[in-house]
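In case you want the letters, here they are:
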Amino acid sequence: MAQDVPIGTAQVSLAQLNERSRDIFRQVVESYLATGEPVGSRNISRLIHTPLSPASVRNVMSDLEQLGLVYAPHTSAGRLPTELGLRFFVDALMEIGDLGEADRRDMEAKLAAAGKSMDAVLSEASGMLSGLTRAAGVVLAAKWNVRLKHIEFVRLEPERALVVLVADDGQIENRIIAVPAGLPQSALTEASNFLNAHVRGRTLAEAKAELEKALETQRAELDQLTQRIVAAGFASWSGGESDDRKLIVRGAAHLLEDLRAVEDLERVRLLFDDLETKRGVVDLLGRAEQADGARIFIGSENKLFSLSGSSTIVAPYRDGAGRIVGVIGVIGPTRLNYARVIPMVDYTAKVVSKIIGG
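Residues numbered from 1 in each chain as written. Predicted model: local features only at pLDDT ≥ 70, side-chain atom pairs only at ≥ 80, totals over all residues. Heavy atoms only, no water.

Here 3 strands make up an open sheet; going across it, the order is 6-7-8 and the pairing antiparallel. Pairing within the sheet leaves two strands with one partner each, and these edge strands are strand 6 (148-157) and strand 8 (172-178). In this sheet, adjacent strand axes meet at a mean angle of 20° when their direction is disregarded. Two elements, strand 6 and strand 7 (residues 160-167), share 8 bridges in a ladder whose sense is antiparallel. (Pairing = 2+ DSSP bridges. Helix = DSSP H or I, 4+ residues; strand = E, 2+ residues; numbered from the N terminus. Axes fitted to C-alpha atoms, helices over the stretch in contact; angles between N-to-C directions.)

Given below as structure tokens:
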């Protein structure tokens, strides 16, 4: 993990903190993660390894405040870590825990029980993470990274038809397209047959490339009406829709637990508003897709959650070919138990990859 954390244009380095300062800073952060409350110098003087008077502790906390790592929420209060302080703690001081063998087996069994359907596995995974972390579990998935099984056109009205797309894992998605008035049923049947001959067993991206080649070589064999239906039907999945990402959120009610003040309730209300703004959440989670493992966004490090003061811990998962096809993780208050949650998110992403890849 990184050892330096930016403050504006400056950096905070471990070298700037002696052992006493690190010990006091760690106590401030760990107290906040456990209780959400400011901690005072008298309490810290009892907790740290090196005996120090409350006055000496106050002097060190003043130095930490100058570095931007802690702050006093009001006069004569104890100290809380700033968002920068939390980032510094996570990157430079925190010891990440490891999952026990029993926890791993339990997580694997829960996800395996969901079956092979990608939707079921992802829904179970986000729900499981939510239950384990008491935060909201989130998944960002490409809508169609599974292999296709069947496409069919069904006329609804003289100028509208339903396109039904079925995936290998049983997912079904319907779209309505416009068709020329007076289009014969034979054109719909021919379009279905043509598409099924070229897309079965392929992912959407693979099918799109194959279809473009096939249309070029077989254009003469298809009448013009059928060509239009083929193009319209497939375009409705492969770029005709801007909302090509699926967001799953489970356990948002956990965010209402353990609220201590009106400010907490307002923070959660703002977070719920953020989650309703699906596009913003999709963009945020998409930033984690190139990470090798878990990625952490704390508070205003992401503009989306800056008002609600929330943290996001997410990790990418992959398909059988090793391609990243989505991210999974949790969204919660900045006082998440990072050392515990990070390995949970990371391992869940690995198990999901194994299930959908197999």
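Text resumes after the structure shown.
Its location among the elements puts Ser192 in helix 7 (residues 185-199). Once residues within four sequence positions are removed from consideration, Ser192 is found in contact with Ile151, Glu152 and Phe153. (Contact = heavy atoms within 4.5 Å.)

Next up on the list: a nonpolar patch on the surface. A surface patch of nonpolar side chains, amounting to about 230 Å² of accessible area, comprises Val154, Leu156 and Ile176. Counting through the fold element by element, Val154 comes out in strand 6. (Patch = residues over 30% accessible without salt bridge, like charges linked within 9 Å, V, L, I, M, F, W, Y side chains within 5 Å. Areas by Shrake-Rupley, 256 points an atom, 1.4 Å probe, with all protein chains shown as cover. Salt bridge = Lys/Arg side-chain N within 4 Å of Asp/Glu carboxyl O.)

The next subject is the pairing of strand 7. Most of strand 7 sits inside the fold, with 6 of its 8 residues counted as buried. Judged from the 7 bridges that link them, strand 7 and strand 8 form a sheet pairing that is antiparallel. Across the sheet, Val164 pairs through a bridge with Asn174, a residue of strand 8. (Buried < 20%, exposed > 50% of the residue type's maximum accessible area, 1.4 Å probe, protein only.)

Ranked by size, the top nonpolar core spans 61 residues in total, and within it Tyr317 and Tyr338 carry the most contacts. The element that contributes the greatest number of residues to this core is helix 12 (residues 338-357), accounting for 11 residues. When residues no more than four places from it in sequence are discounted, the contact partners of Tyr338 are Leu33, Leu86, Val90, Met94, Ile296, Ile298, Ser311, Ile313 and Pro343. (Core = buried A, V, L, I, M, F, W, Y, C linked by side-chain atoms within 4.5 Å.)

Reading predicted coordinates in detail is not appropriate for stretches of low pLDDT. Averaged over all residues, the pLDDT of the protein is 80; the fraction at 70 or higher stands at 84%. At the low end of the mean pLDDT range in the protein sits strand 1 (residues 4-7), at 46; at the high end sits helix 5 (residues 101-112), at 93. Of the regions scoring below 50 in pLDDT, residues 1-10 engages in 26 contacts with residues more than four places distant in sequence or in other chains. (pLDDT = per-residue confidence, 0-100.)

Let us now look at helix 4 (residues 83-93). With 10 of its 11 residues buried, helix 4 lies for the most part within the structure. For helix 4, the full list of buried residues reads Leu84, Gly85, Leu86, Arg87, Phe88, Phe89, Val90, Asp91, Ala92 and Leu93.

All chains considered together, the criterion is met by 1 aromatic pair. Taking the centre distance of 6.0 Å and the plane angle of 50° together, the rings of Phe25 and Phe88 count as tilted. Placement of the pair is Phe25 in helix 1 (residues 19-35) and Phe88 in helix 4, with a sequence separation of 63 residues. Classification of Phe25 by relative accessible area gives buried; the value is 0%. With relative accessibility at 0%, the residue Phe88 sits in the buried group. Positioned above the aromatic ring of Tyr347 is the side chain of Arg104, whose terminal nitrogen or guanidinium carbon lies 4.7 Å from the ring centre. (Phe/Tyr/Trp six-rings, centres within 6.5 Å; stacked < 30°, edge-to-face > 60°. Lys NZ or Arg CZ within 6 Å of the ring centre and 35° of its normal.)

The next subject is the pattern of salt bridges. All chains considered together, the criterion is met by 6 salt bridges. Among the ionic pairs, Asp91 bridges to Arg87, the shortest N-O distance being 3.1 Å. On the criterion of helical spacing, the pair formed by Asp91 and Arg87 is a turn pair, its members being 4 residues apart in helix 4. Take Asp91 and Arg87: they sit in the same class, and that class is buried. Here Arg104 and Asp98 are joined by a salt bridge, their closest N and O atoms 3.0 Å apart.

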